[in-house]
There are 4 protein chains.
Amino acid sequence: MNSFGRIFRIHIFGESHGESVGLVIDGCPAGLPLSAEDFITDIERRKGGVQKGTTPRKEDDIPIFKSGLFNGHTTGAPITILFENNNTRSGDYEKQRSVPRPGHADFTAHARYGGFEDFRGGGHFSGRLTVCLVAAGVIAKKLLGTIEVKASILEIGGEQDIEKGLEKAIAAKDSIGGIVECRVNGLPLGLGEHFFDSVESLLAHAAFAIPAVKGVEFGAGFAAARMFGSEHNDPILDTSGKTSTNHAGGVVGGITNGNELIYRVVVKPTSSTPKGQYTLNWDTNEMETFSVKGRHDLCIALRVPVVLEAVTALVLTDLMLLAQRIKPVLA
Amino acid sequence: MNSFGRIFRIHIFGESHGESVGLVIDGCPAGLPLSAEDFITDIERRKGGVQKGTTPRKEDDIPIFKSGLFNGHTTGAPITILFENNNTRSGDYEKQRSVPRPGHADFTAHARYGGFEDFRGGGHFSGRLTVCLVAAGVIAKKLLGTIEVKASILEIGGEQDIEKGLEKAIAAKDSIGGIVECRVNGLPLGLGEHFFDSVESLLAHAAFAIPAVKGVEFGAGFAAARMFGSEHNDPILDTSGKTSTNHAGGVVGGITNGNELIYRVVVKPTSSTPKGQYTLNWDTNEMETFSVKGRHDLCIALRVPVVLEAVTALVLTDLMLLAQRIKPVLA
Amino acid sequence: MNSFGRIFRIHIFGESHGESVGLVIDGCPAGLPLSAEDFITDIERRKGGVQKGTTPRKEDDIPIFKSGLFNGHTTGAPITILFENNNTRSGDYEKQRSVPRPGHADFTAHARYGGFEDFRGGGHFSGRLTVCLVAAGVIAKKLLGTIEVKASILEIGGEQDIEKGLEKAIAAKDSIGGIVECRVNGLPLGLGEHFFDSVESLLAHAAFAIPAVKGVEFGAGFAAARMFGSEHNDPILDTSGKTSTNHAGGVVGGITNGNELIYRVVVKPTSSTPKGQYTLNWDTNEMETFSVKGRHDLCIALRVPVVLEAVTALVLTDLMLLAQRIKPVLA
Amino acid sequence: MNSFGRIFRIHIFGESHGESVGLVIDGCPAGLPLSAEDFITDIERRKGGVQKGTTPRKEDDIPIFKSGLFNGHTTGAPITILFENNNTRSGDYEKQRSVPRPGHADFTAHARYGGFEDFRGGGHFSGRLTVCLVAAGVIAKKLLGTIEVKASILEIGGEQDIEKGLEKAIAAKDSIGGIVECRVNGLPLGLGEHFFDSVESLLAHAAFAIPAVKGVEFGAGFAAARMFGSEHNDPILDTSGKTSTNHAGGVVGGITNGNELIYRVVVKPTSSTPKGQYTLNWDTNEMETFSVKGRHDLCIALRVPVVLEAVTALVLTDLMLLAQRIKPVLA
């Protein structure tokens, strides 16, 4: 499925080197003011080509609205947005078809789709589709109003100083991984459901839809494995639910507890590393040394914060609608 | 929602101190032989009262079949199973109503359900409901046939020697956390979907439905943040997709790659610790020292492996049905 | 799927001659007062054995609450209700196994479930399961408050006088069909969605889940085929949306228009007719004259009104929750 | 929701006088050959401007593929298709804004979306969107292979001779209704589910998503209300399930019985009739005589057959995938 959400639903489509990528949002309340300008900041944050360690590929990434907008407001009908792909260099990929790139979906997509998949630049599996997530996130954030969703890089290559982490990668002529943290402030107490629609279940589901994410943890996360209960439990201070510590990350029993929501994801090193790799050649059926040409980020984690904010906002908007804290028609 | 799955769907219900807990499974293929005996091993594995560090509460936990079985086989109609609660001591909880227990859902459930929630022993939020997950897992495992789903304790309180970890807790008179790992062998190449129905998204969604789970990681997991790409990428050895390392944990691009599936969850320390905690009293609106009576596990992680296997089996069964690798009628 | 609804979801299970039938309701708001007495009227209306033309089979049909209720109110957790089957005579059916009863699901269920289906008394396909729909309807009606859902027999065997219709059947020693109409008053303007979640789509979906329903029409229905536009269009009288006629049946563009909702279903004659029928014997592979023993209604339509009310109430409750006109927690 | 289907899912979007309308199909098997030519016949059948009684508005309606196709085959990723709107005359509608057109969604859409809806030409509620259904139907029909889905006009204005029916409308200077029948041959025995996913439930759900459909009946349909059981029951002739009559319309117990699937829909007269209508003016808050300008079909039923085939094919494709009778990757 390329769909997600119960009331506020997103559908994404497109391929890295196809004509365009895009999204449909179903269930967006009517009456939200929306224009192309709303998208600029987040789309720019996602783009490569600015930060050290990100790819020089640049798309203009101007949102092309195809439906659901009228007189500058959402109509309540499905919103369709396209982003054109106008900076593709498919030649780079076609000659490499015989070597399924390690870490990429080339091999698994081939198995799953029987060779019919669009393999150019990762096709539908490409990180290019995260622009659709970001666009949906822009709309979700507007719906969330004063609820603030903020993600940032926590560490790169084990260094909390990002520059230092990147220099490590540049020195090694290799790509590198990192950790991204997302924090949400202003969230009401009582969002979420027991068991399968717990806030953690939904956020993790969405976060793992971001390519390269390999782990998700809330609050103290994996460190909780070494903690005592009296240490991990967050004592409640008052009837607002405010706690003195926040090891739970703002979610208890699957439901928001009125404190800051905090969670982290690990982003694996970019699969396309400049370093040579010894791997299978499908044509010769032998191992060979393979090295990626193309244009790639050394550290894909750098581009993840805005994407993580986006999927977080999608989940929370859906939960806010379920909790009837966002109206179906905005005044 | 208390439902999960697209074709093979589970619904769970019940409360810790209600009359019973139970489950409905929809979409189970017809013709699967099934009897109460099939459940014994996994139900026993989940039970407290045996291992050091687990609660002395014991339920007989004999599955009571209410629908979907005929002549010892599944019929294709929904399967309903009940487990009676016959060992409850609600008195323990009622007097503690004024103090929402830190780490438990008492406070958040109250906010979410406006005080109408069954608060006895955690009500619907209780770990008691994991017996329903385990029962569903028994059926899923039978459907998976030779695919082997196996979870085990990796560490308790930071110790890889489980006994040592537990002794730490006993010595501290406190509860303690741990890490559980799940491995799946024999899984075909090519299961899963791109983006929102990636294998990682679905497994994480299900795993976070297990009470006390606060983090999920695949393969190298959070360690990937400190790795180079050339190190993390798993070189493909042959056309079966076998890789020389398994940092991906068996999933690339959201799709199984034919190698062992490996993932881990962190289980926070049992919220009910014998240690006193300074927390809010709703009646007095002041903080007070509170200490849990009741019967509780020192380390809830000990009971998680069979539950993690269960939710893993649920997800994989659903994906196998979608991939048409399990038939809707078994011969 | 045996599930229906987006927020207010019902799952039904059980077999005619199994131990019990039942239902789980997910997404019911917390705080609704509920007791066994609430169910008496509708459960009685559904029962056979009272009206001329209905079967003498009688179940006590006392709802057995298994979860989701606490202190006389719904808790917000899933509500599970069982109805025991204590008046079954399976012997009647087992000897008839070799002749798939015409009009019944015997043949199709066998094809669908490969012979593993519980064939006794129609098994899971039995009209017995409508008691679960009725029970869910009781809860939905309570949630709808002053919105009144009322269904009644419109005609039996072509006669608007019900007694006359039934006497026709008794005279012919045959079963007979009928038409049931459902009307809803007090419904707000603006419920429903465009296209796939139109009010008509959802109501028809639910109505066709009632065994023996073979047609659904709204407002003027099939008569619209012979009408002119100027005749069928309902002129709007004022800003409340009140129309001078109601050929639309209260739904325009898939959305309620503030007028009475009116729709009708046709109920085929009871498949189990006392009349002999010439049909296949699976054992001999030849046609033979077959005549139903067992206990059966001459006119199943007589029992449909309360079931049609129930599924109507389910759909409307779900739409009211989506429109945020029923709160997730009732004060 | 503008989504439908469990495995083979369609999402539609767009507005009558917006830039384009379109669709996304999720879950389409990989490897289906597909080109713009495949769409010509059905798109032409849907178009107005050819038959007497249909509107002169003509769109080129060339499908613009945006994703999911590669080297002339489906890839397994979502398929996106746009149709441009290049023949709109919005001026016609804007001046009529003050009079919500009787029979149209103007009034209900306004209530539902608070005035934010795109009202031009019916906006998202327009019959224009049926081109998206038709396009999805083209793909579904290709997947169904030898299963033949065929719909045709049964009667117009009560006349089985279509020309005669239309002349009635032309003479009356009014629009007129009709009945469309859909028949499916070659369908396997055993498709569908009990209760909520019965074949009838799913087909009716989809059929009522077609604007102007106000009733759906299977086999004998509403005539069953006047039949005896011995007459309505279809005697089974042999082990293939072939019956001597087909009053069930090919579905028993919600499951296909191996006979021809037959169902009918009633299509109300086109709401836009040339005849004057006395109805509310929102500005003056008084009734006035209103007459539609614009370009409109006298009998919208004429354009419904290909749309009914399309939604039928969607439902059946989904059921065939669930029954594992269409593979996820086509060889």
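Criteria and cut-off values
Residues numbered from 1 in each chain as written. Chains lettered and ligands numbered in written order. Predicted model: local features only at pLDDT ≥ 70, side-chain atom pairs only at ≥ 80, totals over all residues. Heavy atoms only, no water. Contact = heavy atoms within 4.5 Å. Salt bridge = Lys/Arg side-chain N within 4 Å of Asp/Glu carboxyl O. Helix = DSSP H or I, 4+ residues; strand = E, 2+ residues; numbered from the N terminus. Nonpolar A, V, L, I, M, F, W, Y, C, P; charged D, E, K, R; others polar. Disulfide = S-S within 2.5 Å. Buried < 20%, exposed > 50% of the residue type's maximum accessible area, 1.4 Å probe, protein only. Buried area = accessible area lost by both parts, 1.4 Å probe. Polar contact = N/O pair within 3.5 Å; in protein donor to acceptor, adjacent residues only side chain to side chain. Pairing = 2+ DSSP bridges. pLDDT = per-residue confidence, 0-100. Least-squares fit on C-alpha atoms with pLDDT ≥ 70 in both. Axes fitted to C-alpha atoms, helices over the stretch in contact; angles between N-to-C directions. Arc of directions from axis to C-beta.

Enquirer: Quick question: what am I supposed to make of the interface of chain D and chain C here?
Expert: Accessible area lost upon the coming together of the parts serves often as the stated size of an interface. Each side of the interface is counted separately: chain D has 101 residues, and chain C has 101 residues. Connecting chain D to chain C are 6 salt bridges. Between Glu 200 of chain D and Lys 214 of chain C there is a salt bridge whose closest N-O contact spans 2.7 Å. Per element, the largest residue contribution to the side of chain D that touches chain C is 6 residues, and it comes from strand β10 (residues 213–218) of chain D. Residues of the side of chain D that touches chain C, tallied by class, amount to 49 nonpolar, 36 polar and 16 charged.

Enquirer: How should the state of the cysteines be read in this particular structure?
Expert: Chemically, a disulfide is nothing more than a covalent bond linking the sulfur atoms of two cysteines. This structure, assessed with the given rule, holds 0 disulfides over all chains. Summary of cysteine pairing: Cys 182 of chain A is not part of a disulfide, and the nearest cysteine sulfur, belonging to Cys 299 of chain A, is at 17 Å. The class of Cys 182 of chain A is buried, set by a relative accessible area of 0%. Note on Cys 132 of chain B: no disulfide assigned, nearest cysteine sulfur contributed by Cys 28 of chain B at a separation of 16 Å.

Enquirer: How should the interface of chain B and chain A be read in this particular structure?
Expert: Taken residue by residue, the interface counts 101 residues in chain B and 101 residues in chain A. Of all residues in chain B, Phe 195, Phe 196 and Lys 214 of chain B give up the largest surface area on contact with chain A, accounting jointly for 12% of the area buried on that side. Linking chain B with chain A are 6 salt bridges. Across the salt bridge formed by Glu 193 of chain B and Arg 112 of chain A, the nearest N and O atoms sit 2.6 Å from each other. One can count 44 residue pairs in polar contact (both at pLDDT 80 or more) joining chain B with chain A. Looking at the side of chain B that touches chain A, the element that brings in the most residues is strand β10 (residues 213–218) of chain B, giving 6 residues. Looking at the side of chain B that touches chain A residue by residue, the classes come out as 49 nonpolar, 36 polar and 16 charged. As paired elements, strand β10 (residues 213–218) of chain A and β10 of chain B share 3 bridges and run antiparallel to each other. Counterpart to Glu 217 of chain A in the pairing with β10 of chain B is Gly 215 of chain B.

Enquirer: Help me out: how do you make sense of the pairing of strand β2 (residues 9–14) of chain C in this one?
Expert: Residue and element names in this part refer to chain C. Most of β2 is tucked away: 6 of the 6 residues are buried. Where strand β1 (residues 3–4) and β2 come together, 2 bridges link them in antiparallel fashion. Along β2, the bridge assignment pairs Phe 4 with Ile 10. Two successive antiparallel strands, β1 and β2, enclose a turn made up of 4 residues, where Gly 5 displays a positive phi of approximately 115°. The pairing of β2 with strand β3 (residues 20–26) spans 6 bridges and is classified as antiparallel. For Arg 9, the partnering residue across the bridge sits in β3 and is Asp 26. Counting the residues in the hairpin turn of β2 and β3 gives 5 residues.

Enquirer: Whenever I open this one, the confidence of the model for chain A confuses me. Can you help?
Expert: Atomic detail in the predicted coordinates should be set aside for any region of low pLDDT. Mean pLDDT for chain A: 93, with 94% of residues reaching 70 or above. In the model output, the complex is listed with pTM 0.97 alongside ipTM 0.97.

Enquirer: Teacher, can you tell me more about the relation of the copies chain B and chain A here?
Expert: Both copies of the chain are placed relative to one another by a rotation about an axis and a shift along it. Of the transformation placing chain B onto chain A, the axial shift is 0.0 Å and the rotation is 180°, giving an RMSD of 0.0 Å. Taken together, the rotation angle and the small translation identify this as a two-fold axis. Both copies contact each other with a shared surface, as 100% of the interface residues of chain B are interface residues in chain A too.

Enquirer: Please clarify how the relation of the copies chain D and chain C should be interpreted in this entry.
Expert: Screw-axis analysis of chain D against chain C gives a translation of 0.0 Å along the axis, an RMSD of 0.0 Å, and a rotation angle of 180°. Both copies share a contact surface, since 100% of the interface residues of chain D are interface residues in chain C too.

Enquirer: I would appreciate a short explanation of unusual backbone geometry in the present structure.
Expert: Most peptide bonds adopt trans geometry, and most residues besides glycine take a negative phi value. Of note in the backbone geometry, Asp 61 of chain A takes a positive phi value of approximately 55° without being a glycine. The residue Asp 61 of chain A is located in the loop between α1 (37–46) and β4 (64–67) in this model. Under the relative-accessibility criterion, Asp 61 of chain A is labelled buried at 5%. A positive phi angle is found at Asn 285 of chain C, which is not glycine, with a value near 60°.

Enquirer: How do you make sense of the pattern of salt bridges when you look at a structure like this?
Expert: Opposite charge on two side chains makes pairing possible when the charged atoms of those side chains draw close. Throughout the structure, instances matching the rule amount to 92 salt bridges over all chains. Among the salt bridges present, the one from Arg 183 of chain B reaches Glu 181 of chain B, with a minimum N-O distance of 2.8 Å. According to the relative accessible area criterion, Arg 183 of chain B is partly exposed, its value standing at 32%. Of the residues examined, Glu 181 of chain B reaches a relative accessible area of 9% and is grouped as buried. Taking the shortest distance from any N to any O, the salt bridge between Asp 118 of chain D and Arg 120 of chain D comes out at 2.8 Å. With respect to class, Asp 118 of chain D is no different from Arg 120 of chain D; both count as buried. A network of salt bridges, in which partner residues are shared, links Asp 42, Arg 45, Lys 141, Lys 150 and Glu 309 of chain A.

Enquirer: Would you mind showing me how to read the sheet that holds strand β8 (residues 148–156) of chain A here?
Expert: Strand pairs in the sheet, formed through backbone hydrogen bonds, run parallel or antiparallel to each other. With antiparallel pairing, 8 strands are arranged side by side in an open sheet as β8(A)-β9(A)-β13(A)-β10(A)-β10(B)-β13(B)-β9(B)-β8(B). Edge positions in the sheet fall to β8 of chain A together with β8 (148–156) of chain B, since each has one partner strand and no second. Across the sheet, the axes of successive neighbouring strands diverge by a mean angle of 20°, strand direction being ignored.

Enquirer: Is there a simple way to explain helix α5 (residues 162–172) of chain D in this structure?
Expert: Because the α-helix completes a turn every 3.6 residues, residues three or four places apart line up on one side. Residues and elements named next belong to chain D. The complete set of buried residues in α5 reads Gly 165, Leu 166 and Ala 169. Projected onto a plane normal to the axis of α5, the buried residues spread over an arc of 95° and lie on a single side. Of the exposed residues in α5, the ones pointing more than 90 degrees away from its buried face are Lys 164 and Ala 171. Taken together, the buried residues of α5 touch β8 (148–156). Put simply, Asp 161 is the residue that caps the front of α5, since its side-chain oxygen is 3.0 Å from the backbone nitrogen of Glu 163. Positive phi shows up at Lys 173, right after α5, with a value of about 50°.

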